Amino acid sequence: GSDFEGKAAVLRGVREKNLLAKCLPCVFGERDFVAYGEATRYVVVKGDNCFVFLEENDPSPLYAIPLHDKTASVEDPANPEGTSLTISPTFRNMSKDDLDTILLKYENGKIAYQFTFNKQDGSDLAARFLSVVNSLKSSGTVGDRTSSVVYAQKVARTKQKFQPADVNEKC
């Protein structure tokens, strides 16, 4: 089986705003946002990879995210990261109360991916995802080397090439 499965809005990290956007937020907008349904995917963590599917019953993932070099943290909705996106904002340009966001960050602190979970899909999805990802990092292992994990790693090597472009890759 998998280490984690569930629905989440999955977004690639965004580049830091340039000086002009920082100095003139009234012109460039305070924060970027996207609707939860627009970015919703089905996420499966197996071994040290996160597989992102369009739908739960899809036969093949859209892409795979290697987790060994990333750390997960909970985003504070009252004080969001400057380069994260607001998912389904309320009138205050904050995410709705029924959404929890987990940020996957590179070792340099830049956001690699943003996962937003709807509490209506399961109140503990975000906490479970956070726990699974960080247990990989803290243990330094990729878990059991069962045949299904070996196969998942083989699929992941192929599907990693299909990740959305990383604007923070060369930063």
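Reference entry: report on the structure contained in this document. (Residues numbered from 1 in each chain as written. Predicted model: local features only at pLDDT ≥ 70, side-chain atom pairs only at ≥ 80, totals over all residues. Heavy atoms only, no water.)

### Focus: the pattern of salt bridges
Consideration 1: Scanning all chains against the criterion turns up four salt bridges.
Consideration 2: For Asp100, the salt bridge identified is with Lys119, shortest N-O distance 3.7 Å. Linking Asp100 in strand β8 (residues 99–105) with Lys119 in the loop between β9 (111–118) and α4 (125–139), this pair joins segments that are 19 residues apart in sequence.
Consideration 3: Classification of Asp100 as partly exposed rests on a relative accessible area of 25%.
Consideration 4: You can call Lys119 partly exposed: its relative accessible area is 36%. (Salt bridge = Lys/Arg side-chain N within 4 Å of Asp/Glu carboxyl O. Helix = DSSP H or I, 4+ residues; strand = E, 2+ residues; numbered from the N terminus. Buried < 20%, exposed > 50% of the residue type's maximum accessible area, 1.4 Å probe, protein only.)

### Quick notes on the side chain of Thr40
Consideration 1: As for its placement among the helices and strands, Thr40 is situated in strand β3 (residues 40–46).
Consideration 2: What makes Thr40 buried here is its relative accessible area of 18%.
Consideration 3: In this structure the side chain of Thr40 is engaged in a polar contact, spanning 2.6 Å, whose partner is the backbone oxygen of Tyr36.
Consideration 4: Other than its neighbours up to four places away in sequence, Thr40 contacts Lys7, Ala8, Ala9 and Leu54. (Polar contact = N/O pair within 3.5 Å; in protein donor to acceptor, adjacent residues only side chain to side chain. Contact = heavy atoms within 4.5 Å.)

### What to know about the environment of Ser73
Consideration 1: As for its position among the elements, Ser73 is in strand β6 (residues 71–74).
Consideration 2: Taking relative accessible area as the criterion, Ser73 reaches 26% and is therefore assigned partly exposed.
Consideration 3: On a C-alpha basis, the gap between Ser73 and Ala127 in space is 9.8 Å, while along the polypeptide they are 54 residues apart.
Consideration 4: Aside from chain neighbours lying at most four places away, what touches Ser73 is Thr101, Ile102, Leu103, Lys105 and Leu130.

### A few points about the sheet that holds β9
Consideration 1: Taken in spatial order, the seven strands make up an open sheet running β5-β4-β3-β1-β9-β8-β6, and their pairing is antiparallel. Of all the strands in the sheet, the pair left with one neighbour each is β5 (63–66) and β6. For this sheet, the mean angle separating the axes of adjacent strands, direction not counted, is 35 degrees.
Consideration 2: Note: strand β1 (residues 4–12) against β3, six bridges, orientation antiparallel. Paired with Ala8 across the strands is Arg41, a residue of β3. (Pairing = 2+ DSSP bridges. Axes fitted to C-alpha atoms, helices over the stretch in contact; angles between N-to-C directions.)

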